[in-house]
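Structural description and commentary
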Amino acid sequence: MTTLTLYYAPGTCAQAVRIALHEAGAPHEAVRIDFAAAEQRSPAYLAINPKGRVPALVTEHGVLTETPALLAYVAQRFPEARLAPADAFGFARMQEFHSYLASTVHVAHAHRPRSARWADEPEAQAAMQRKVPANMAECFEVIERHYLGNPEQGPWVMGGQYTVADGYLFTVAGWLKSDGVDIARFPQVHAHFQRVAARPATQEALA
């Protein structure tokens, strides 16, 4: 089987894809991009991903970017790992969750470390950064109630089946501490975080 190549940076959403690849037992190479050295803006990397961001996954068919797309690809490329619901509604529900993490939660978080994307003035950047704890807490209230609100249905985002959504939530929940939010405020999220952290594939990906 063709070995996939994942371009990642520690602490980014690319971690979710690394976890998924390990869960799938997928042959792959992980290439670290050094953000401190601005490698993501180098001509060599921009030739792979013109967006200058991670993750990027090189496959035999071409390059894929954006975490939700990569997670869907891994789940469908390795169906025997059962990392996504098999039915259309369940798969769409998982993609709904991925879209919320990517378009709302990730953006709320990014206003702290990446405030310069949205404003040049230091006072405007500082104002954005002050809002991050409240905005992230609001996002995780939704996740706590709406996505993990019925633990009787099962321990994972999709209920009884572990999916790529769980590694994605684990990754994003890992940003709460640096954003000034105590994960213990959200008992279901906190318990989920600990369950995913204990999985061998997660430990391999983080190592």
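Just above, that's the structure.
This write-up is about the structure you can find in this document. (Residues numbered from 1 in each chain as written. Predicted model: local features only at pLDDT ≥ 70, side-chain atom pairs only at ≥ 80, totals over all residues. Heavy atoms only, no water.)

This next bit is on the packing of helix α4 (residues 88–110) against helix α6 (residues 164–173). The contact between α4 and α6 brings their axes to 10 Å, and the two run at 20°. In terms of their interaxial angle, α4 and α6 are classed as roughly parallel. You can see that α4 and α6 cross each other, and the crossing is left-handed. Note on element contacts: α6 touches α4 through Val164, Ala165, Tyr168, Leu169 and Val172, opposite Met94, Phe97, His98, Leu101, Ala102 and Val105. Looking at side-chain class alone, the contact of α4 with α6 contains 10 nonpolar, 1 polar and no charged residues. (Axes fitted to C-alpha atoms, helices over the stretch in contact; angles between N-to-C directions. Helix = DSSP H or I, 4+ residues; strand = E, 2+ residues; numbered from the N terminus. Parallel < 35°, antiparallel > 145°, perpendicular 65-115°, else oblique. Left-handed = near helix turned anticlockwise from the far one by under 90°. Contact = heavy atoms within 4.5 Å. Nonpolar A, V, L, I, M, F, W, Y, C, P; charged D, E, K, R; others polar.)

With 61 residues, the main nonpolar core has Leu21, Phe97, Val105, Met136, Phe140, Ile143 and Val189 as its most contacted residues. Taken together, the elements giving at least two residues each to this core come down to β1 (4–8), α1 (14–24), β3 (56–59), α3 (67–77), α4, α5 (122–147), α6 and α7 (187–197). If we ignore the near neighbours within four places in the chain, the residues touching methionine 136 are Val105, Ala108, His109, Leu176, Asp179 and Val181. (Core = buried A, V, L, I, M, F, W, Y, C linked by side-chain atoms within 4.5 Å. Buried < 20%, exposed > 50% of the residue type's maximum accessible area, 1.4 Å probe, protein only.)

Right, let's talk about α6 for a bit. Counted residue by residue, α6 has 10 buried out of 10 residues, so it is predominantly covered. Among all positions of α6, only Val164, Ala165, Asp166, Gly167, Tyr168, Leu169, Phe170, Thr171, Val172 and Ala173 are buried.

Quick look at the pattern of salt bridges now. Here the structure, examined in full by the defined rule, presents 6 salt bridges. The salt bridge involving arginine 199 is made with glutamate 23; its shortest N-O contact spans 2.7 Å. Remark: glutamate 23 occurs in helix α1 and arginine 199 occurs in the loop between α7 and α8 (200–206); sequence separation between them is 176 residues. Looking at glutamate 23, the relative accessible area reads 19%, which means it is buried. Between glutamate 60 and arginine 77 there is a salt bridge, with the nearest N and O atoms lying 3.3 Å from each other. One end of the pair, glutamate 60, is in the loop between β3 and β4 (62–65); the other, arginine 77, is in helix α3, and 17 residues separate them in sequence. (Salt bridge = Lys/Arg side-chain N within 4 Å of Asp/Glu carboxyl O.)

Within a regular strand, side chains alternate between the sheet's two faces. Most of β1 sits inside the fold, with 5 of its 5 residues counted as buried. Because side chains alternate across β1, one face comprises the buried residues Leu4, Leu6 and Tyr8, and the other comprises Thr5 and Tyr7, equally buried. Examined bridge by bridge, β1 and strand β2 (residues 28–32) share 5 bridges and lie parallel to one another. Bridging across to β2, tyrosine 8 finds its partner in arginine 32. The β-α-β motif built from β1, the intervening α1 and the parallel element β2 has right-handed crossover chirality. (Pairing = 2+ DSSP bridges. Right-handed = clockwise from strand over helix to strand, strands pointing away.)

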